Amino acid sequence: MVVVGAGPVGLAIAWRCAARGMRVVVHDPAPGSGASHVAAGMLAPVAEAYFGERELTGLLTESAARWPGFAAELAEATGVDIGYRTEGTLVVGLTADDLAEARRLWAYQQGLGLPVTPLRPSQLREREPALAPRVRGGALAPTDHQVDPRRLVPALRLAAERAGAVLVSEPVRRLRDVTAGVTVVAAGCGAAALTGLPVRPVKGQVLRLRTPDGGPPGFRHVVRGYADGEHVYLVPRDSGEVVVGATVEERSDLGVCAGAVLRLLRAAVDLVPELAEYDLVETLAGLRPGTPDNAPILGPLPGQPDVLVATGHHRHGIVLTPVTADLITDLITGGGADPLLAPFRPDRFAVTPNAAPAAEPPPSGGVASASAVGSGARTTSERAMEDDSWN
Ligand code: GLY
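The structure displayed is predicted, hence computed values, not measured ones.

1. Digging into the overall build of the protein
Counting its regular elements, the protein contains 9 helices and 16 strands. By the compact-globule yardstick of 21 Å for 391 residues, the protein fits well, its C-alpha radius of gyration being 20 Å. Counting only C-alpha atoms, the protein reaches 60 × 45 × 40 Å along its principal axes. Considering only intrachain contacts with a sequence separation of at least 6, the fraction spanning at least 24 residues in the protein is 79%.

The structure is reproduced here in structure tokens:
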């Protein structure tokens, strides 16, 4: 079988299928350089449970429940630390208006039976003294965890290769050029041109800060904030990194603009003042693979039963990696179609033959030009294949 795209989703499918004895070739000129390179790695089935996305929320919850086992298996297979952390997520509101907005969503989430526990300001600050005294209130989502996508991808690649999968750098430009018995398209926004499915790039600008002394950040939970109407997330890593994200823009360029950086930083510092002292080490833009209903596209391409699609994960690629890999692997290896797949089948959309990409090239899936000091990020010209994995 051939997998197109070596982001987390493609690599996890390759790992699972190779482990079941299949011969697997993964095509990607730049593994892990797509959306996952930009992604913060939040595993957030609760904080990202939005109005009107009930079926997606079910899939997020199922996949998040698979994450502990998935992480343990990956550690067993590779010995790599992928930065999987389980402190949970604090969702906070800076002003009374911010808190009112947040509360409306918590009520919805609680109505679905999801674990979200409101906390008083004093309880919040007991958990995270680094939060600004101005913060009016918040809630704990204890099952919303995190992983580091930049560690996850190399680990998945190692696991896939140890299981026998082979990675090659030749890009796949047309599905008809592939001669494998089964082809899996896990190419993020690139899936649009390959399959004709309506996958569109949704731009996100993201910053990375670092503690000046290289020690761990002064807070341990993922913090998702509403701050004077801005939505921001802060993801602390043991390495001293804090990921600050993200814009959500219906456009496909990869520019990083001063206004977005300003808004993200202002919101971040309003919530956790000490961040003003951190180094700004990277500014980056990436492209989430969005779909018309914001849910992923999983299953056989209409009229082409040997082509399976695993794309359109939009804001949820990392959290959805385990369930996507399991369900697609079951389809390929004869386990049949899990009922979980039903709402996400490709045939809910029309296929446009010979579709062009939804917009301007992106030659890459996501890493934009990084302008900040010491970013170490790749430029668009260094990136060619997209992946599907943004959280
Ligand atoms: N899930 C976070 C983001 O898409 O920015």
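2. Re the sheet that holds strand 15 (residues 297-301)
Either a parallel or an antiparallel arrangement is found when strands of a sheet pair, and the pairing is made through backbone hydrogen bonds. The strand order across the open sheet built from 6 strands is 8-2-1-9-16-15, with neighbouring strands paired in mixed fashion. The two strands at the open ends of the sheet, each matched to only one other strand, are strand 8 (166-168) and strand 15. Pairwise comparison of adjacent strand axes, ignoring direction, gives a mean angle of 20° for this sheet. Strand direction decides the pairing type here: strand 9 (residues 183-185) and strand 16 (residues 304-311), joined by 3 bridges, are parallel. The residue bridging Val 185 from the neighbouring strand is Val 309, located in strand 16. Packed onto the sheet, helix 9 (residues 321-332) meets strand 9, strand 15 and strand 16 and runs at close to 175° relative to strand 16.

3. Description of the state of the cysteines
By the definition in use, this model includes 0 disulfides. Cys 257 supplies the cysteine sulfur nearest to Cys 189, a cysteine that is in no disulfide, at a spacing of 19 Å. In this structure Cys 257 comes out as partly exposed when scored by relative accessible area, which is 37%.

4. Let's talk about the UniProt feature "domain: FAD dependent oxidoreductase" (unreviewed entry) in the protein
As annotated by UniProt and renumbered to match this structure, "domain: FAD dependent oxidoreductase" (unreviewed entry) occupies residues 2-331. With 33% helix and 25% strand, residues 2-331 has end C-alpha atoms that lie 15 Å from one another.

5. A few points about the environment of Arg 220
Among the structural elements, Arg 220 can be located in the loop between strand 10 (200-210) and strand 11 (222-227). Judged by relative accessible area, which is 42%, Arg 220 ranks as partly exposed. Remark: the alpha-carbon pair of Arg 220 and Arg 237, spanning 17 residues in sequence, is separated by 7.9 Å. Once residues lying within four places of it in the same chain are set aside, the contact partners of Arg 220 are Arg 85, Glu 87, Glu 128, Pro 236 and Asp 238.

6. Structural notes on the packing of aromatic side chains
Under the definition given, this model contains 4 aromatic pairs. With centroids separated by 5.7 Å and ring planes inclined at 65°, the aromatic side chains of Trp 15 and Phe 70 adopt a geometry described as edge-to-face. One end of the pair, Trp 15, is in helix 1 (residues 8-19); the other, Phe 70, is in helix 3 (residues 54-78), with 55 residues separating them in the sequence. Residue classification places Trp 15 among the buried residues on the basis of a relative accessible area of 6%. A centroid spacing of 5.1 Å and a plane angle of 75° characterise the contact between Trp 67 and Phe 70, whose relative ring orientation is edge-to-face. Taken as a pair, Trp 67 and Phe 70 lie in helix 3 at a separation of 3 residues, close to a single helical turn.

7. Overview of helix 9
Counted at 1.5 Å a residue, the expected span for helix 9 with its 12 residues is 16 Å, and the 16 Å between its end C-alpha atoms agrees. Counting buried positions along helix 9 yields 10 of 12 residues, so the element is predominantly enclosed. Considered for burial, the residues of helix 9 that qualify are Thr 321, Pro 322, Val 323, Thr 324, Ala 325, Asp 326, Leu 327, Ile 328, Thr 329 and Ile 332. On its buried face, helix 9 is in contact with helix 1, helix 3, strand 9, strand 15 and strand 16. Of the residues one or two after helix 9, Gly 334 is the one with positive phi, at around 95°.

Parameters and conventions
Residues numbered from 1 in each chain as written. Predicted model: local features only at pLDDT ≥ 70, side-chain atom pairs only at ≥ 80, totals over all residues. Heavy atoms only, no water. Helix = DSSP H or I, 4+ residues; strand = E, 2+ residues; numbered from the N terminus. Rg over C-alpha atoms; globule rule 2.2 N^0.38 Å. Contact = heavy atoms within 4.5 Å. Pairing = 2+ DSSP bridges. Axes fitted to C-alpha atoms, helices over the stretch in contact; angles between N-to-C directions. Disulfide = S-S within 2.5 Å. Buried < 20%, exposed > 50% of the residue type's maximum accessible area, 1.4 Å probe, protein only. UniProt positions renumbered as here; feature names shortened; annotations may be inferred. Phe/Tyr/Trp six-rings, centres within 6.5 Å; stacked < 30°, edge-to-face > 60°. Expected span 1.5 Å × (residues − 1).

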